[in-house]
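Structure assessment
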Amino acid sequence: METKIPFLEVSDAIVMSGAETLYWCMQCGLCSGSCPWRLVPGEASEQFNIRLVQRMGQLGLEGFESENCLFACTTCRTCVDRCPRGVDIIGNVRGMRSMLAEVGTIPGSLKPIVGSLHSQGNPWSGTPEKRTEWTEGLNIPIFSPDTEYFLFVCCTSCYDIRSRKIAKSVAKALESAGVSFGIIGNEESCCGESIRKVGDEALFQKLAESNINLYNGKGVKKIIVTSPHCLYSFKNEYPELGGNWEVYHYTEILADALKAGKISPVGDSVGPVALHDPCYLGRHNDIYDQPRQIIESLPGAELKELSRNRKNSLCCGGGGGRVWMETKAGERFAELRISEALDAGAATLVTACPYCITMLEDSCNVMGKSGELKVMDLSELLVEKL
Amino acid sequence: MGDEDQKILVVGGGISGITAAIEAAETGANVVIVEKNPYLGGRVAQLNQYFPKLCPPTCGLEINFRRIKNNPRISFFTQSEVISMTGQPGDYQVKIQVNPRYVNDNCTGCGKCAEVCEATIPSTLNYGMDSVKAAYLPLGMAYPFKYVIAEEIIGTEQAKKCAEACHYGAIDLEMKPETVTLQVGAIIWATGWDPYEVEKVDYLGFGRFPNVLTSVMFERLASFNGPTGGKFLRPSDGKEVKTVAFVQCAGSRDDNHLPYCSGVCCLASLKHSTYIRERVPDSKAFIYYIDVRAMGKYEDFYTKVQKDENVSLIKGKIARVSEDTDSGGLLVEGEDITAGARVSQVVDLVVLAVGMTPGTARIKPELDMAYDDFGFVTGSGPSGIIPAGCVKAPMEVAASVQDSTAAALKAIQVARRR
Amino acid sequence: MDQNIGVYLCSGCGIGDAIDIEALPAVGEELGVSRIVSHDCFCGPEGAKIIKDDLASGDVNCVVLGACSGRVKSEVFDFDLMNTIVERVNLREHVVWCQPAGNEDTQAMAEDYLRMGIIRVQKSTLPTPYLEALDKTILVVGGGVAGMQAALDAALAGYSVKLVEKETELGGHMLKWFKNTPTIPPYHDIENINLSSTVDEIKNHQNIELFTGAEIEKIGGAPGMFDVTLQNGAGAFKVGSIVLAAGWKPYDATKLGSLGFGQFPDVVTNVQIEEMAKSGSLACPSDGSAPSVVAFIQCAGSRDQDHLPYCSAVCCRVSLKQAMYFKEQNEETKVIIFYKDMRTPEQSEEFYKQVQKSGVIFVKTDTSKISITEGSEHKLAIEAMDELLGEPIQMEVDMAVLATGMQPAVIDNPILNLEYRQGPALPELKYGFPDSHFVCFPYETRRTGIYTAGCVRQPMTAGRATNDGTGAALKAIQCVELSSQGKAVHPRAGDMSYPELFIQRCTQCKRCTEECPFGMYNEDIKGTPLPHPTRCRRCAICMGSCPERIISFNNYSVDMIGSMIKSVSVPDEYEEKPRIIGMICENDAFPAVDMVGLNKMQYPPWVRFIPLRCLGSINLVWIADALSKGIDGIVLFGCKFGDDYQCHFIQGSELADTRMSKIKETLDRLVLESDRIRLEQISIDDYYRIPQILEEFTARLEELGPNPYKGF
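Every chain's residues receive numbers from 1 upward, in the order its sequence appears when written. To label them, take the chains in the order written and letter them from A, then take the ligands in the order written and number them from 1. Local features in a predicted model are, by the rule used here, given only for residues with pLDDT of at least 70; side-chain atom pairs are given and counted only at 80 or more, and totals for whole chains, interfaces and linings are based on all residues.

Some thoughts on the overall build of chain C
Numbering of helices and strands runs from the N terminus; a helix is a DSSP stretch of H or I covering at least four residues, while a strand is a stretch of E covering at least two. Within chain C, the regular secondary structure consists of 18 helices and 32 strands. With the C-alpha coordinates of chain C rotated into their principal frame, the extents come out at 100 × 60 × 55 Å. Residues with at least 20 other C-beta atoms within 10 Å of their own are called buried, those with 12 or fewer are called exposed, and the rest are partly exposed. The C-beta atoms themselves are positioned from the backbone. Out of the 712 residues belonging to chain C, those deemed buried represent 59%. We call two residues in contact if the C-beta atoms placed from their backbones are at most 7 Å apart. Taking contacts inside chain C between residues at least 6 apart in sequence as the whole, the part at least 24 apart equals 71%.

Considering the overall build of chain A
The helix and strand tally for chain A stands at 17 helices and eight strands. The globule rule is 2.2 Å times the number of residues to the power 0.38, and the radius of gyration it is compared with is taken over C-alpha atoms. For chain A, the C-alpha radius of gyration of 21 Å lies close to 21 Å, the compact-globule estimate for 386 residues. Each principal axis of the C-alpha distribution contributes one length, and for chain A these read about 70 × 50 × 35 Å. Per-residue burial for chain A yields a buried fraction of 57% across its 386 residues. When contacts within chain A are restricted to residue pairs at least 6 apart in sequence, long-range pairs at least 24 apart make up 79% of them.

Here we look at unusual backbone geometry
For the bond running from Phe51(B) to Pro52(B), omega is -5°, close enough to zero to count as cis. Inspection of the secondary structure puts Pro52(B) in the loop between strand S2 (31-34) and helix H2 (57-70). Even without glycine at this site, Arg538(C) takes up a positive phi of about 65°. A positive phi angle, near 55°, is found at Glu576(C), a position not held by glycine. With respect to the helices, strands and loops of the structure, Glu576(C) is situated in the loop between helix H14 (558-567) and strand S29 (580-585).

Let's talk about the nonpolar core
Put simply, a nonpolar core is buried Ala, Val, Leu, Ile, Met, Phe, Trp, Tyr and Cys residues tied into one set by C-beta atoms within 7 Å. Grouped together as the largest cluster of nonpolar side chains are 527 residues, with contacts concentrated most on Ile188(B), Val141(C) and Val243(C). In terms of residue count, helix H9 (residues 397-415) of chain B provides more of this core than any other element does, 12 residues in total. Residues in contact with Val243(C), not counting those within four places in the same chain, are Ile138(C), Val140(C), Val141(C), Gly147(C), Ala150(C), Tyr451(C), Ala453(C), Ala472(C), Ala473(C) and Ala476(C).

Focus: the domain arrangement of chain A
All names here are of chain A. Structurally, chain A comprises domain 1 (8-105), domain 2 (112-255) and domain 3 (265-384). An automatic or database domain assignment is the source of the domain bounds shown. For domain 2 versus domain 3, the separation of C-alpha centres amounts to 22 Å. Those elements giving two or more residues to the side of domain 2 that touches domain 3 turn out to be helix H8 (155-159), helix H9 (161-176), helix H10 (193-198), helix H12 (228-237) and helix H13 (250-259). In terms of residue count, H9 provides more of the side of domain 2 that touches domain 3 than any other element does, seven residues in total.

Regarding the interface of chain B and chain C
Counting residues at the interface gives 64 residues for chain B, matched by 67 residues for chain C. Residue assignment for the side of chain B that touches chain C shows that the elements contributing at least two residues are helix H1 (15-26), H2, helix H7 (299-306) and H9 of chain B. Per element, the largest residue contribution to the side of chain B that touches chain C is 12 residues, and it comes from H9(B). Looking at the side of chain B that touches chain C, its residues break down into 28 nonpolar, 19 polar and 17 charged. Gly counts as polar in this scheme, as do all residues outside two lists: the nonpolar Ala, Val, Leu, Ile, Met, Phe, Trp, Tyr, Cys and Pro, and the charged Asp, Glu, Lys and Arg.

Let's talk about the sheet that holds strand S31 (residues 633-638) of chain C
Residues and elements named next belong to chain C. Here we have four strands laid out as an open sheet, ordered S30-S29-S31-S32, and parallel in their pairing. Looking along the sheet, the strands with just one partner apiece sit at the ends: strand S30 (607-612) and strand S32 (677-681). Strand-to-strand twist of the sheet, defined as the mean angle between neighbouring strand axes without regard to direction, takes the value 20°. Of the strands in this sheet, S29, S30, S31 and S32 are in contact with helix H18 (residues 690-704), which crosses S31 at around 155°. For two strands to be treated as a pair, DSSP must find at least two bridges joining them. For helices, the axis comes from a line fit to the C-alpha atoms of the stretch in contact; other axes are also lines fit to C-alpha atoms, and the angle between any two N-to-C directions lies between 0 and 180 degrees.

Points about H18(C)
Residues three or four positions apart in an α-helix share a direction because the helix packs 3.6 residues into each turn. All names here are of chain C. By this rule, a helix spans an expected 1.5 Å times one less than how many residues it contains. With 15 residues, H18 extends 21 Å from end C-alpha to end C-alpha; this agrees with the ideal 21 Å at 1.5 Å per step. Turning to H18, its buried residues are Ile690, Leu694, Phe697, Thr698 and Leu701. Buried positions in H18, seen along its axis, are confined to an arc of 100° and lie on one side of it. Exposed residues pointing more than 90 degrees away from the buried face of H18 are listed as Gln692, Glu696, Ala699, Glu702 and Glu703. Looking at the buried residues of H18, the elements they touch are S29, helix H15 (589-598), S30, S31 and S32. Each C-beta atom gives one direction from the helix axis, and the arc is the one those directions make.

Remarks on helix H7 (residues 111-120) of chain A
All names here are of chain A. Within the sequence span of H7, burial applies to Ile113, Val114, Leu117 and Gln120. Around the axis of H7, the buried residues are gathered within 165° of arc, so they sit on the same side. Turned more than 90 degrees away from the buried face of H7, the exposed residues are Lys111, Gly115 and Ser119. Buried residues belonging to H7 abut H10 and helix H11 (201-218). Looking one or two residues past H7, Gly121 carries a phi angle of roughly 80°, positive in sign.

Regarding the environment of Val397(C)
Residues and elements named next belong to chain C. Tracing the sequence through the fold places Val397 in strand S21 (residues 391-397). A tally of 23 C-beta atoms within 10 Å means that Val397 is categorised as buried. Not counting residues within four places of it along the chain, the set of residues in contact with Val397 comprises Val293, Val294, Ala295, Lys379, Leu380 and Ile382.

Describing the domain arrangement of chain C
Reports often express the size of an interface as the amount of accessible area lost when the parts come together. Domain assignment breaks chain C into domain 1 (1-126), domain 2 (138-250 + 408-484), domain 3 (253-404) and domain 4 (557-712). Once you take the C-alpha centre of each, domain 3 of chain C and domain 4 of chain C turn out to be 58 Å apart.

Notes on the interface of chain A and chain C
Contacts between the two partners involve 14 residues from chain A, matched on the other side by 14 residues from chain C. Looking at the side of chain A that touches chain C element by element, the count peaks at three residues for helix H4 (residues 50-59) of chain A. Grouping the amino acids of the side of chain A that touches chain C by side-chain chemistry returns eight nonpolar, three polar and three charged.

As for the sheet that holds strand S3 (residues 62-67) of chain C
Consider a sheet: its strands pair through backbone hydrogen bonds, and that pairing is either parallel or antiparallel. All names here are of chain C. Taken in spatial order, the four strands make up an open sheet running S2-S1-S3-S4, and their pairing is parallel. Of all the strands in the sheet, the pair left with one neighbour each is strand S2 (35-39) and strand S4 (85-90). Ignoring strand direction, the axes of neighbouring strands in this sheet form an average angle of 15°. Bridging between strand S1 (residues 5-10) and S3 involves five bridges; their strand directions are parallel. Looking at the pairing, Ile5 lines up with Cys62 of S3. Its contacts with the sheet place helix H3 (residues 45-57) against S1, S2 and S3, and it is angled at close to 165° to S2. Packed onto the sheet, helix H5 (residues 104-122) meets S1, S3 and S4 and runs at close to 165° relative to S4.

Written as structure tokens, this is what we have:
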């Protein structure tokens with residue numbers, strides 16, 4: 001075994017890059033044992049040990065840089081919630097990734113994403129003009145000082161063809177509920193949540209600054225988001241940069257509307273429905289009840305809880321930038337989720353996050369289960385019954 | 001020392017309380033103990049053996065009970081609790097409630113009531129792992145050596161049957177809670193500890209899987225007067241236990257649960273591994289730890305257990321316990337840090353080394369002492385009440401006894417008229 | 001006193017159903033007892049009144065109560081033991097609850113027990129306590145935190161105290177410390193040390209006489225009457241009991257070769273760090289520069305079979321504290337702690353967490369394998385296997401601090417210089433620490449009236465040592481109080497009997513002076529034992545050791561037990577009813593036999609149990625008495641012996657075992673099978689084994705056939 005020489009200057013730099021709790025870790029191994037990568041086979045599962053990665057960080061050692069090691073972390077927050085020392089493990093991952101981003105040693109698959117965000121303000125290489133293409137055929141209002149809520153649609157649901165359905169259904173549902181909302185449009189930029197997790201702090205700052213100036217300039221006070229990732233960023237990361245708004249996930253608004261009787265779903269029975277709690281809606285933002293309330297309001301709904309639910313929910317595999325990286329079939333968390341949904345006896349698997357939809361639907365197709373299980377965003381299922 | 005001194009009240013009749021009481025009384029003080037259980041001895045009366053000598057607690061309890069019996073300066077109330085207190089050092093008035101035992105001093109311990117009683121209640125002694133007759137002697141070594149009629153059968157035919165069976169008029173079904181006021185000069189608070197509610201550490205499976213036990217339950221399982229007569233049987237199906245995983249820091253050293261270290265659990269689990277290894281020859285024990293904390297001379301005990309090749313000590317906090325359908329046992333998962341490997345171990349039984357929470361986290365005396373955030377007593381505060389034992393910090397038996405001996409002197413200083 | 005024995009036979013709890021109570025008075029009458037009463041519940045108000053009235057009238061002054069075990073109902077049968085001799089004959093647990101009812105063998109058993117009980121009373125006298133040990137002054141040796149607290153707390157309880165400290169100032173090690181580990185919530189910050197208030201309080205307390213710069217030349221005498229002489233004529237005085245709080249010394253770091261202490265000036269010990277920090281500058285000794293990288297090596301000597309096998313308990317916390325010294329001096333300083341296990345028990349886990357948050361780096365490794373070598377630019381190079389990384393690492397540091405362990409101050413100096421036949425020091429438990437072997441009784445030492453406190457007892461923090469001083473002071477006070485009343489201390493607290501020697505018949509064999517676990521006997525020049533009754537714990541091991549049988553107690557003697565054995569009825573060999581005498585420890589085996597009864601387990605009716613104070617009090621003549629009378633077998637139940645002994649008199653059961661191995665040789669010569677004697681180690685929890693042991697023993701005796709001495 002080769003003797004390693006710790007570089008404590010490097011660990012200092014990691015701490016400066018955001019890994020503020022790096023030294024709080026006592027190396028108990030609960031994080032690595034709790035990591036969803038332990039549930040699947042494959043390279044990332046073998047190479048990525050979050051405890052060991054932090055250990056290397058503590059000593060300023062190299063060797064964790066690959067896509068299947070440090071960049072395997074989906075920032076699902078299971079370990080953070082459990083950590084006995086209160087270590088901000090995601091912050092530490094972000095700090096270590098930042099160190100690499102600064103010297104440009106991020107995984108190749110992420111480079112086009114970064115490029116697109118720089119040039120277009122979104123990760124999907126779409127031009128700003130196409131940002132509102134999803135509104136075609138709909139009468140989506142434009143945000144004005146009289147509008148109560150600014151509806152911020154996740155870049156994924158603006159550009160990805162499948163995901164646009166989510167944007168549409170959310171908008172339709174809000175409209176049915178009589179919510180006063182509007183979009184700003186082409187000037188909007190990506191919230192930057194995932195790129196910050198990837199480690200590109202400068203890019204995040206740039207995106208955030210642009211959004212904050214835009215929204216404040218438009219007089220935004222309240223925001224509805226379609227994605228829990230945007231929710232996280234706007235709610236938890238923007239305030240210290242000057243973005244202070246009330247931010248809601250659409251499920252919160254629609255659950256309230258249901259309670260207030262502003263919408264009442266009708267129609268054929270939806271049958272057995274399972275809910276996948278998105279990491280960023282649940283563990284990151286503590287929203288568990290509202291999606292369930294919406295499901296239970298649907299005609300004939302039979303809520304089938306997955307074996308891992310609420311705070312023990314299993315990640316779809318798409319957070320922390322993984323949505324842009326390739327995970328081999330047979331090694332995906334989403335596959336486990338599909339099986340769990342089938343085991344639970346669900347005919348429909350709903351969730352409330354565009355990343356989760358992408359990951360789950362893909363796995364459902366690859367597994368050949370799309371005939372047995374329908375993957376839908378909760379807004380889509382709701383809108384069918386309005 | 002003499003009879004002009006004021007009485008010392010000791011609240012709690014576990015090893016700390018009885019030690020404080022006896023040590024003070026043998027020094028010449030008059031002492032009264034208030035204990036909530038129907039017997040003295042507290043948690044140690046539920047232990048199979050002590051580390052590091054692997055000696056039975058009954059030995060020391062027998063000596064201590066004899067010291068109490070021989071010493072007219074000690075009196076006690078069982079099934080009792082403090083309900084109010086006023087005053088200051090040198091002059092306290094304490095009200096206690098004595099709950100009915102439904103058995104009076106005429107009880108000879110003959111056991112006729114239990115013979116005829118058909119009703120059963122869950123055994124609190126055995127943490128609900130089995131049932132006992134509703135007319136029962138709390139344990140063989142019970143002191144006082146008197147039966148108890150369970151509250152649950154009062155007003156039923158069963159209770160009447162028990163009363164009729166007693167030749168000595170010892171069963172009084174009309175007993176009511178009584179309030180007694182004590183005038184004392186000093187108070188020692190020794191209400192001990194409670195096991196952490198480890199079902200809150202949900203990934204460890206306690207409360208969901210019958211084969212996940214707490215360390216205190218494992219003591220009972222190992223005891224010859226326990227629910228299985230000292231046999232290691234899997235709760236789910238009664239199969240003999242061959243493999244046990246001991247999960248350390250089940251709640252302790254965890255900001256989400258008990259941020260402090262419970263001090264005794266490492267040694268307790270090392271001890272538990274000897275229980276199973278001694279009685280089941282082809283057994284294996286796996287101890288999963290963060291750090292093994294065997295302070296001072298206890299290191300020798302750790303060294304001794306390490307020599308048994310069928311006891312594996314693995315550095316790594318357990319992250320998941322789930323049922324293993326093939327074996328009917330449990331799958332324990334986590335990281336084996338020093339081996340650079342995963343833990344994926346199927347065992348018959350999982351024993352969680354539950355942390356200690358101070359009795360004062362649950363019930364604090366009416367007069368103020370000083371506490372830390374965890375509920376441990378850090379000082380007498382304005383009340384002048386003297387804390388002793390595990391209400392101050394997690395302690396093993398020897399440390400509790402040491403601390404209680406010190407508390408006895410502090411109490412004597414106060415109780416002695418100035 | 002003229003004995004007037006009353007025999008009270010209880011028929012309650014099934015006793016009357018199982019045995020013929022009407023037939024028992026004959027046993028008493030045989031032995032000259034005239035007052036024999038039976039009742040169906042002596043523990044009830046009516047029954048108890050019968051006995052109390054008899055005592056009050058003066059018609060009876062000795063009570064033989066044939067009823068339940070003496071371990072129960074003591075609150076009812078609480079007779080005045082200064083004026084009454086009491087014997088509880090255990091007809092319930094030891095006879096009717098473990099034998100078939102209405103059987104002649106059960107009846108014979110009850111009769112034998114009653115006979116033995118009456119004889120025990122007839123061979124007893126009232127206590128005449130030893131009332132000559134009246135000094136209640138407490139001597140505290142050592143003026144560190146433990147000793148100071150012991151002195152102060154004894155003084156505050158109203159006792160005169162002599163406090164002897166070898167240095168010129170009070171305070172011990174702590175005097176040299178910079179700061180203390182956190183003791184107050186939230187346990188995050190190291191704390192300033194304030195010794196002066198305690199020191200001033202001691203100096204100003206009227207009950208405390210302080211001797212600084214003083215050491216003990218010798219201590220003679222016994223509890224309640226110790227004679228203390230200080231060196232160099234600094235004083236001589238009497239005290240009643242002693243607290244030894246002599247503290248600890250650091251393990252010699254020069255013995256830790258691979259760590260470079262003595263070789264590299266920048267390798268220092270944790271003791272030196274305190275001194276440096278207190279002087280205001282943590283600098284590399286080599287050049288006086290402030291270190292930018294500092295390593296701590298934990299378990300430097302501790303937890304190491306080649307050095308100190310035990311854990312010194314405080315070093316983890318001390319290193320955390322000292323790491324904070326460096327961080328407080330300059331927060332940029334890098335601190336790396338190499339450890340085996342971080343041992344921060346209880347609330348000190350919070351401090352560990354806090355030190356982690358300050359950026360200290362922790363490396364888990366087997367520190368005994370670390371070697372410190374010369375690095376570049378006069379730095380120190382440390383190579384260690386990082387078990388968290390799974391790979392070896394090498395670091396260069398400016399300074400290395402060895403967390404050296406603790407040894408007791410008595411490791412190479414007895415300090416007390418006791419004038420005891422068994423030596424000048426307190427006997428050690430292990431590794432030089434004169435600590436208690438008992439979990440339940442941590443203040444027990446093998447020298448009565450001398451209690452240890454603080455780090456001389458076991459490694460501990462300053463906070464715990466302070467508290468330990470208080471506890472030891474309590475024990476010391478308790479000892480003088482009990483001694484002055486002629487009462488024994490633990491474990492037979494309150495016992496007023498003590499050994500009396502018929503010295504004219506002593507042959508100076510020295511067995512008693514050697515075997516007493518507590519060093520009770522000194523010797524004169526000829527080797528004649530000189531008893532010191534207040535040193536005695538009343539175990540009667542000396543009585544058992546004496547071949548001339550000259551040692552006895554007012555209520556326990558060789559003659560008494562011998563007579564009890566001889567009183568057992570032995571059927572002749574044709575009846576095929578063997579007899580077994582069971583001599584058993586009264587603290588553990590006796591309650592175990594009670595438990596057999598309580599659980600209604602049965603065993604052969606041939607055995608007669610006699611409780612002994614300690615199995616070590618067994619005298620070989622009892623074996624001879626039994627066998628010559630035709631008793632077929634003898635079982636001895638004592639406590640576990642060996643490293644983890646459970647005997648509360650230290651060696652009692654082991655000594656009994658040694659004696660039995662000797663008598664077996666004698667038996668072989670008499671052509672009596674040595675299998676007729678069996679010794680078992682029995683704890684209370686072993687009760688379930690007792691029936692089986694007795695069954696097996698009986699079966700073996702059947703194979704051997706009847707004792708040929710029957711009828712002689």
